[in-house]
Amino acid sequence: DVKVTQSSRYLVKRTGEKVFLECVQDMDHENMFWYRQDPGLGLRLIYFSYDVKMKEKGDIPEGYSVSREKKERFSLILESASTNQTSMYLCASSLRGGGAWGVFGPGTRLTVL
Amino acid sequence: SQELEQSPQSLIVQEGKNLTINCTSSKTLYGLYWYKQKYGEGLIFLMMLQKGGEEKSHEKITAKLDEKKQQSSLHITASQPSHAGIYLCGADILSGRIIQGAQKLVFGQGTRLTINP
């Protein structure tokens, strides 16, 4: 069964902490994405990567950074967590060139106190 | 502003009734995806549409993409409690910036569907 896995389902952190969210896919997909989902706002793209060591800013990159050292792994980093980063974080992957459906991970619900 | 607009944002229907959710864009949709999400969980892929006029069905769910490829609808026939959840449309929108073939998915705000017994 092809899949995208995320390191944690639930995470609670304190303001100012550095937070790492990990995403791993086993489908050899070139593209990987990080979204956050908030009520009334839907899914918003934070960053995406189209190849190893490559990254592109999405619609809301402020306060986040990413790392893609290996094709199967895409990490989202909150350098100094803030309460407005409390959200559901979803990772996805897809084949280069689109034309194929994106596969999503189960999500990480992050709470920043 | 949203590149994909979904309507309605919330829908409550009686079990057994039919319903339709719409997804509209001002840009051409090069691949339209419908997903379902149970509360607090990840997204489950339902269907993908690529060609203008395309229609796909799975069990009691039918999705269509119009000829102009700017609007899609999701229709559920004889709704059941298992259909409850959040439905999201996502699309590849070529915004004039293709980077080595990568196309980001943009999403509508979602439609929260409640089925009353």
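Provided above is the structure to which this section pertains.
Reading guide: rules and limits
- Residues numbered from 1 in each chain as written.
- Chains lettered and ligands numbered in written order.
- Predicted model: local features only at pLDDT ≥ 70, side-chain atom pairs only at ≥ 80, totals over all residues.
- Heavy atoms only, no water.
- Helix = DSSP H or I, 4+ residues; strand = E, 2+ residues; numbered from the N terminus.
- Buried < 20%, exposed > 50% of the residue type's maximum accessible area, 1.4 Å probe, protein only.
- Contact = heavy atoms within 4.5 Å.
- Areas by Shrake-Rupley, 256 points an atom, 1.4 Å probe, with all protein chains shown as cover.
- Phe/Tyr/Trp six-rings, centres within 6.5 Å; stacked < 30°, edge-to-face > 60°.
- Pairing = 2+ DSSP bridges.
- Disulfide = S-S within 2.5 Å.
- Axes fitted to C-alpha atoms, helices over the stretch in contact; angles between N-to-C directions.
- Polar contact = N/O pair within 3.5 Å; in protein donor to acceptor, adjacent residues only side chain to side chain.

Some points on the overall build of chain B
Phase 1: On a plain count of helices and strands, chain B comes out with 0 helices and 11 strands.
Phase 2: Start at the N end of chain B and walk to the C end: the helices and strands fall as β-β-β-β-β-β-β-β-β-β-β.
Phase 3: Taking all 117 residues of chain B together, the buried fraction comes to 48%.
Phase 4: Contacts in chain B between residues at least 24 apart in sequence constitute 57% of all its contacts with a sequence separation of at least 6.
Phase 5: Surface exposure of chain B reaches about 5,700 Å², of which carbon and sulfur atoms provide 47%.

A word on the environment of L65 of chain B
All names here are of chain B.
Phase 1: Relative to the elements of secondary structure, L65 occurs in strand β7 (residues 61-65).
Phase 2: Overall, L65 belongs to the buried group, its relative accessible area being 2%.
Phase 3: L65 sits 36 residues away from L29 along the chain, and the two C-alpha atoms are 9.0 Å apart.
Phase 4: Beyond its immediate chain neighbours, meaning those up to four positions away, L65 contacts L29, L32, L49, Q50, K51, G52, G53, E54, Q71 and S72.

With respect to the packing of aromatic side chains
Two descriptors summarise a pair of aromatic rings, namely the distance from one centre to the other and the angle between the planes of the rings.
Residue and element names in this part refer to chain A.
Phase 1: On inspection of all chains with the given rule, the structure shows 10 aromatic pairs over all chains.
Phase 2: Aromatic pair F33 and F48: ring centres 5.9 Å apart, planes at 20°, arrangement stacked. Placement of the pair is F33 in strand β4 (residues 31-38) and F48 in strand β5 (residues 42-49), with a sequence separation of 15 residues. With respect to burial, F33 and F48 carry one shared label: buried.

Brief notes about the pairing of strand β3 (residues 19-25) of chain A
All names here are of chain A.
Phase 1: Here β3 shows a clear split, with V19, L21, C23 and Q25 buried on one side and none of F20, E22 and V24 buried on the other.
Phase 2: When strand β1 (residues 4-6) meets β3, the two strands line up antiparallel, connected through 3 bridges. Each bridged residue has a counterpart across the sheet, and for T5 the counterpart in β3 is V24.
Phase 3: Pairing of β3 with strand β8 (residues 73-78) involves 6 bridges; the strand directions are antiparallel. For E22, the partnering residue across the bridge sits in β8 and is S75.

So, the state of the cysteines
Residues and elements named next belong to chain B.
Phase 1: Across all of its chains, the model carries 2 disulfides over all chains by this definition.
Phase 2: Between the sulfur atoms of C23 and its disulfide mate C89 the distance is 2.0 Å. Between C23 and C89, the S-S dihedral sits near 75°, and the bridge is therefore right-handed. With C23 in strand β3 (residues 19-25) and C89 in strand β9 (residues 85-92), this residue pair connects regions lying 66 residues apart in the sequence. Neither residue differs from the other here; C23 and C89 are each classed as buried.

Remarks on the sheet that holds β8 of chain A
Residues and elements named next belong to chain A.
Phase 1: The sheet built from 4 strands is open, its strands ordered β1-β3-β8-β7 with antiparallel pairing. One side of each edge strand has no neighbouring strand; the edge strands of this open sheet are β1 and β7 (65-70). Averaged over all pairs of adjacent strands, the angle between strand axes in this sheet comes to 20°, irrespective of strand direction.

Focus: the side chain of T111 of chain B
All names here are of chain B.
Phase 1: With respect to the helices and strands, the residue T111 is situated in strand β11 (residues 111-116).
Phase 2: Reaching out from T111, the side chain makes a polar contact with the backbone oxygen of P8 at a distance of 2.6 Å.
Phase 3: Beyond its immediate stretch of four places on either side in the chain, T111 contacts Q6, S7, P8, Q9, L11, I21, G85, I86 and Y87.

Geometry only, nothing functional implied.
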